[in-house]
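Chain by chain, the residues run as shown.
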Amino acid sequence: METEIRFTHRSLVENSKSGDRTSQYQLYELYVDAMYNVSMRFLGIKEDAEDIVQDSFVDAFKNLEKFKYESSFGAWLKRIVINKSINHLKVKRLPLAAIDEHEYHLTNEVEYEQVDAMDILKVKSGIEKLPLGYKQIINLYLLEGYDHNEISDVLGITTSTSKSQYHRAKKKLVEIINGL
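This section reports on the structure supplied with the text. (Residues numbered from 1 in each chain as written. Predicted model: local features only at pLDDT ≥ 70, side-chain atom pairs only at ≥ 80, totals over all residues. Heavy atoms only, no water.)

**Notes on the pattern of salt bridges**
Here is step 1: Counted according to the given criterion, the structure contains seven salt bridges.
Here is step 2: Measuring nitrogen to oxygen at the nearest pair gives 2.9 Å for the salt bridge that ties E50 to K46. In this pair, E50 and K46 are both assigned in helix α3 (residues 46-62), four residues apart and thus about one turn of the helix distant.
Here is step 3: Taking relative accessible area as the criterion, E50 reaches 34% and is therefore assigned partly exposed.
Here is step 4: Looking at K46, the relative accessible area reads 45%, which means it is partly exposed.
Here is step 5: Notably, a salt bridge pairs K135 with E128, separated by 3.1 Å at the nearest N-O pair.
Here is step 6: Within the structure, one salt-bridge network assembled from shared partners comprises R41, K78 and E144. (Salt bridge = Lys/Arg side-chain N within 4 Å of Asp/Glu carboxyl O. Helix = DSSP H or I, 4+ residues; strand = E, 2+ residues; numbered from the N terminus. Buried < 20%, exposed > 50% of the residue type's maximum accessible area, 1.4 Å probe, protein only.)

This is the structure we're talking about:
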């Protein structure tokens, strides 16, 4: 019998809903490292990422009754971590990168063969060098798998802004990588 991904760790989740601290700790141990990595991609500051992950777990455990297996527990928790990370950046008043319309043109297509052959360390280094707004869009779209509608909801921007920022971020990332 094949188990659907949405029900992964169901017994731990159900026991956690009942207040079982051991089950909560087991869920924490299963997901803490992955959630820390997600938060670090957005925040880049170890202490901030640790705080966000802690807050996310506290909120998740307080609101477990709202978890209805519409996704896996990990996906639900990941959305909490991403939202909290983005809200943290908003509180710090770090806006999306300002874009001069004339600076980057969307008509120039990026040659994907160059990106596919890149060394992963160069790509990671390039992402770190992107302006914050570009970095957020790249993280959400490429690394977290959000679509532009979801990104627009999370960041409070239009779908077309998400798409244009993504294309500009991608072009800027290739420029940075080519310069490394």
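**Re the packing of helix α6 (residues 120-129) against helix α9 (residues 159-179)**
Any two packed helices are characterised by how steeply their axes cross, that is the angle between the axes, and by the distance between the axes.
Here is step 1: Look at α6 against α9: their axes get within 9 Å of each other, and the N-to-C directions meet at 120 degrees. Viewed along their axes, α6 and α9 adopt a mutual orientation that is oblique. Classified by chirality, the crossing of α9 by α6 is right-handed. Each of K122, V123, G126, I127 and K129 in α6 lies in contact with α9, whose residues at this interface are L173, I176 and I177. (Axes fitted to C-alpha atoms, helices over the stretch in contact; angles between N-to-C directions. Parallel < 35°, antiparallel > 145°, perpendicular 65-115°, else oblique. Left-handed = near helix turned anticlockwise from the far one by under 90°. Contact = heavy atoms within 4.5 Å.)

**Brief notes about the packing of helix α4 (residues 73-91) against helix α8 (residues 148-155)**
Here is step 1: One way to put it is that α4 packs onto α8 with a least axis distance of 10 Å and a crossing angle of 45 degrees. On the basis of their axis angle, the class for α4 and α8 is oblique. Contacts between α4 and α8 involve R79, N83, I86 and K90 on the former and, on the latter, E150, V154 and L155.
Here is step 2: Among the residues making up the contact of α4 with α8, the classes are represented as three nonpolar, one polar and three charged. (Nonpolar A, V, L, I, M, F, W, Y, C, P; charged D, E, K, R; others polar.)

**Regarding the environment of N178**
Here is step 1: The residue N178 is located in helix α9 in this model.
Here is step 2: The class for N178 is partly exposed, based on a relative accessible area of 46%.
Here is step 3: Taking the C-alpha atoms as reference, N178 lies 9.9 Å from V123; in sequence the two are 55 residues apart.

**Concerning the nonpolar core**
Here is step 1: Within the largest apolar cluster, 42 residues are counted, with the highest numbers of intra-cluster contacts made by F57, F73, L140 and L155.
Here is step 2: Elements supplying a minimum of two residues to this core: α1 (10-17), α2 (21-43), α3, α4, α6, α7 (132-143), α8 and α9.
Here is step 3: Examining the composition of this core, we find that eight residues originate from one element, α4, more than from any other.
Here is step 4: Two domains each put at least three residues into this core: domain 1 (2-91) and domain 2 (99-179).
Here is step 5: Aside from chain neighbours lying at most four places away, what touches F57 is L27, Y28, Y31, V32, M35 and L77. (Core = buried A, V, L, I, M, F, W, Y, C linked by side-chain atoms within 4.5 Å. Domains from an automatic or database assignment.)

That's the geometry; what it means functionally is another story.
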